[in-house]
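Examining the three-dimensional arrangement
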Amino acid sequence: MRLPRLTATLILVLVWLGAALAVLQSFTTAELPIRLGASLVAHVTGMAAGYAAAIMLILMSRSPWLERGVGSHRLARWHAWGGPVVIMLTVIHTLAATQAWAEAGSLDPMAAAKEVLDLPGLATALIGTAILVLVGLASLRVLRRRISYEQWHFLHLLTYLAVAFGFAHQLAGPDLVGRQWLQIAWSLLYTYAFALVLRWRVLQPLFQLWRHRLRVEEVRQESPDVISVLMSGAHLDELRAEPGQFFRWRFLRGQTWRSAYPFSLSAPPTCNRLRITVKTCGDGTRRIARIPIGTLVFAEGPYGGLTSRRRRRPRVLLIAGGVGITPMRALFEVIDLPGKDVTLVYRASREQDLVLKHELDEIAERSGARVVYLVGPSTDTANDMSAPALNRIVGDLSDHDVYLCASPRLAARVRESLMDRGFPRQQLHEERFNF
Amino acid sequence: MSDTALDYRRRIPLITRPSVAPSPSLIRWSLRIVTVMLFSAATAFGVSLGVSAPETSPTSVVQHPVAPTGP
């Protein structure tokens, strides 16, 4: 049974159609004549926030339909855009509903807030709102830098609780009561969203843990701040992982089990081994460097569409920056083209930052592919990674599929330069890790 | 625990270990069945939540008791 392919456009159409229906619903229950006031704002934002919260759950459920059809980085981008929208709608709904209550009862806002909080289900809904606001604040760039990934991740997990708290309030909300078919549809939206999360974020990794029994076999130092973790397990071919894809790894030890880290495979997977290569730049990744041999690994995935299947053109350019070499290293070994017209451009600040260099040289020598190392300061014209510079390296750039994985800044620079020069968007394949 | 018991416990997995490993196809079908069961349960739960949902809204301003204005 092959899963039907969902495209990003189709998903967006369905999501916006659902949003329009949810918002229109609040107009059908509004008092006539419809007046733009606190009551209408509360109705519209309440329905929109409730709907968007369920959609956010679905988009981040790691369902293979979405991961393959839309792509992980695009889903993450939608989530990064939609998350703040849900929080803003919820906050506006809270304020507008309190104001509407005050107006209806001729109360001052404080008295209205106190009265509203005594209503059934409203205290838990307020806790849910508070959690959402907390998560939103923690994701602001200024605060995000001050907290660890583990703390940020834990806060994000609390959003499930926040959404569940809000659900009871929505079901008893004035837009849904008295319309049983709508209450059933709304309940199904939420139970399906949670079922998707349970199926793909909980049951699937647990199943994989049981089936593949993945364990750390070796931790190898590649450079002063980069390590490779080699893991062995059983039936790994059943994962159908491809070079260029990534997993979310959870190392089941005291201090590392709580966090799932997204890392790409840095070598083509085999039926009993997987390898990742990690830059130790934070507390969590430093702990991974010290992980004992034999540690069980809980792996969610594979995810991402940065695979050789995306290739459309006769030639390939792989662009890697720093530790972004990991998916490129795996792809470099397996992309098989007539004439071996594959070029890997690898950018690093210092010679010692060129990780896996000996492997890349060996693959290039064996396959006839080409590696170009750009080492040194970015101000050096020899390290230019603009579209004209890349064109000089590979010849006719428009005849290439370009695979890109680098730091957000370098990736943005390369992407913008390519787009400015009219490079076709569908020939640029990226994986962005930005958490 | 005595040495004999320890020894016995150590041997149990060897005795009870199944000799036939489940085939990938059996595993795939089991997962599909689990998925169907999970979504059947989600459907039943969702429908029951919707059917038993409140018929009046405590937060409706239409039903809000308006405070008396003036004597």
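Residues numbered from 1 in each chain as written. Chains lettered and ligands numbered in written order. Predicted model: local features only at pLDDT ≥ 70, side-chain atom pairs only at ≥ 80, totals over all residues.

Quick look at the overall build of chain A now. The number of helices and strands found in chain A is 14 helices and eleven strands. Each principal axis of the C-alpha distribution contributes one length, and for chain A these read about 80 × 50 × 45 Å. Taken across its 435 residues, chain A has 39% of its residues classed as buried. Considering only contacts within chain A whose residues lie at least 6 apart along the sequence, 72% involve residues at least 24 apart. (Helix = DSSP H or I, 4+ residues; strand = E, 2+ residues; numbered from the N terminus. Buried ≥ 20, exposed ≤ 12 C-beta atoms within 10 Å, placed from the backbone. Contact = placed C-beta atoms within 7 Å.)

Residue and element names in this part refer to chain A. Taken in spatial order, the three strands line up as β1-β2-β5 in an open sheet, and their pairing is antiparallel. Both edges of this open sheet fall to β1 (215-223) and β5 (273-279), since each of them pairs with a single strand only. Adjacent strand axes in the sheet meet at a mean angle of 20 degrees when their direction is disregarded. Sheet analysis places β1 next to strand β2 (residues 226-232), joined by seven bridges and oriented antiparallel. If you follow Glu 218 over to β2, its bridge partner there is Leu 230. (Pairing = 2+ DSSP bridges. Axes fitted to C-alpha atoms, helices over the stretch in contact; angles between N-to-C directions.)

Moving on, we come to the pairing of strand β9 (residues 370-375) of chain A. Residue and element names in this part refer to chain A. As judged from the six bridges shared by strand β8 (residues 342-348) and β9, these two strands associate in the parallel manner. Counted as the bridge partner of Val 345 is Val 372 from β9. Taking the sense of rotation as the criterion, the β-α-β connection linking β8, helix α12 (residues 357-367) and β9 turns out right-handed. (Right-handed = clockwise from strand over helix to strand, strands pointing away.)

A few words now on the interface of chain A and chain B. Size of an interface, as often reported, equals the accessible area lost when the parts are brought together. Taken together, the 32 residues of chain A in the interface contact 30 residues of chain B. Broken down by secondary-structure element, the contributors of at least two residues to the side of chain A that touches chain B are α4 (72-105) and α9 (180-212) of chain A. With 14 residues, the top contributor of residues to the side of chain A that touches chain B is α9 of chain A. Of the residues contributing to the side of chain A that touches chain B, the split by class is 19 nonpolar, nine polar and four charged. (Nonpolar A, V, L, I, M, F, W, Y, C, P; charged D, E, K, R; others polar.)

As a further point, take unusual backbone geometry. Residue and element names in this part refer to chain A. The omega angle of the peptide bond from Gly 301 to Pro 302 is 5 degrees, so this bond is cis rather than trans. Within the fold, Pro 302 resides in strand β6 (residues 297-303). Phi at Ser 106 is positive, roughly 50 degrees, even though this residue is not glycine. Here Ser 106 shows up in the loop between α4 and α5 (109-117). For Ser 106, a count of 12 C-beta atoms within 10 Å puts it in the exposed group. In the Ramachandran plot, His 235 falls in the positive-phi region, its phi being about 50 degrees despite a non-glycine side chain. When you line up the elements, His 235 lands in the loop between β2 and β3 (246-251). C-beta crowding within 10 Å serves as the criterion here: with 16 such atoms nearby, His 235 is assigned to the partly exposed category.

Attention now goes to the confidence of the model for chain B. Residue and element names in this part refer to chain B. Residues with a pLDDT of 70 or more make up 51% of chain B, whose mean pLDDT is 70. pLDDT under 50 marks residues 1-15. Its contacts with residues more than four places away, or in other chains, come to one contact. Segment residues 64-71 is flagged for pLDDT under 50; beyond a separation of four residues in sequence, or across chains, it makes eleven contacts in the model. (pLDDT = per-residue confidence, 0-100.)

All names here are of chain A. If you walk across this open sheet you meet the five strands as β9-β8-β7-β10-β11, and the pairing is parallel. At either end of the open sheet lies a strand with only one pairing partner, and these are β9 and β11 (428-430). Looking at each pair of strands side by side, their axes are set apart by 15 degrees on average, direction ignored. In the sheet, strand β7 (residues 315-321) pairs with strand β10 (residues 400-405) via six bridges, with the strands oriented parallel. Among the inter-strand pairings, Ala 320 is bridged to a residue of β10, identified as Cys 405.

Another point: the domain arrangement of chain A. Residues and elements named next belong to chain A. Looking at the assigned domains, one finds that chain A contains domain 1 (8-201), domain 2 (213-303) and domain 3 (309-430). One C-alpha centre belongs to domain 2, the other to domain 3, and the line joining them spans 24 Å. Between domain 2 and domain 3, the contact holds 14 residues from the first and twelve residues from the second. Those elements that place two or more of their residues in the side of domain 2 that touches domain 3 are β1 and β5. Per-element accounting of the side of domain 2 that touches domain 3 gives the leading share, three residues, to β5. Each residue belonging to the side of domain 2 that touches domain 3 can be placed in one class, and the counts come to seven nonpolar, five polar and two charged. (Domains from an automatic or database assignment.)

Attention now moves to helix α11 (residues 325-334) of chain A. Residue and element names in this part refer to chain A. Of all ten residues in α11, eight are buried; the element is thus mostly enclosed. For α11, the set of buried residues is Ile 325, Thr 326, Pro 327, Met 328, Arg 329, Ala 330, Leu 331 and Phe 332. Contact partners of the buried residues in α11: β4 (261-264), β5, β7, β8, α12 and β10.

The next thing to look at is the nonpolar core. The tendency in soluble globular proteins is for nonpolar side chains to be buried as a group. Residues and elements named next belong to chain A. Counting residues in each nonpolar core, the largest one holds 58 residues, and the members touching the most others are Leu 318, Ile 319, Ala 320, Met 328, Phe 332, Leu 344 and Tyr 403. Residue assignment places this core across two domains, with domain 2 (213-303) and domain 3 (309-430) each supplying three or more. With residues up to four places along the chain from it excluded, the contact list for Phe 332 reads Leu 318, Val 342, Leu 344, Leu 360, Ile 363 and Ala 369. (Core = buried A, V, L, I, M, F, W, Y, C linked by C-beta atoms within 7 Å.)

Next up on the list: the pairing of β3 of chain A. Residue and element names in this part refer to chain A. The sheet contact formed by β3 and β4 spans four bridges and is antiparallel. Bridge pairing in β4 links Phe 246 to Ser 264. Where β3 and β6 come together, five bridges link them in antiparallel fashion. Residue pairing for β6: Arg 250 is matched across the bridge by Phe 298.

The subject of this paragraph is the packing of α9 of chain A against helix α2 (residues 24-51) of chain B. The N-to-C vectors of α9 of chain A and α2 of chain B enclose an angle of 150 degrees; their axes lie 8 Å apart at closest approach. For the element pair α9 of chain A / α2 of chain B, the angle class is roughly antiparallel. In the crossing of α9 of chain A with α2 of chain B, the sense of the turn from one axis to the other is right-handed. (Parallel < 35°, antiparallel > 145°, perpendicular 65-115°, else oblique. Left-handed = near helix turned anticlockwise from the far one by under 90°.)

Turning to the environment of Tyr 261 of chain A, a few remarks are in order. Residues and elements named next belong to chain A. Structurally, Tyr 261 is set in strand β4. In this structure Tyr 261 comes out as buried when scored by C-beta crowding, with 21 C-beta atoms within 10 Å. Considering only alpha carbons, one finds Tyr 261 and Ala 299, 38 residues apart in sequence, at a separation of 9.4 Å. Setting aside anything within four residues of it in sequence, one finds Tyr 261 in contact with Arg 248, Trp 249 and Gly 284.

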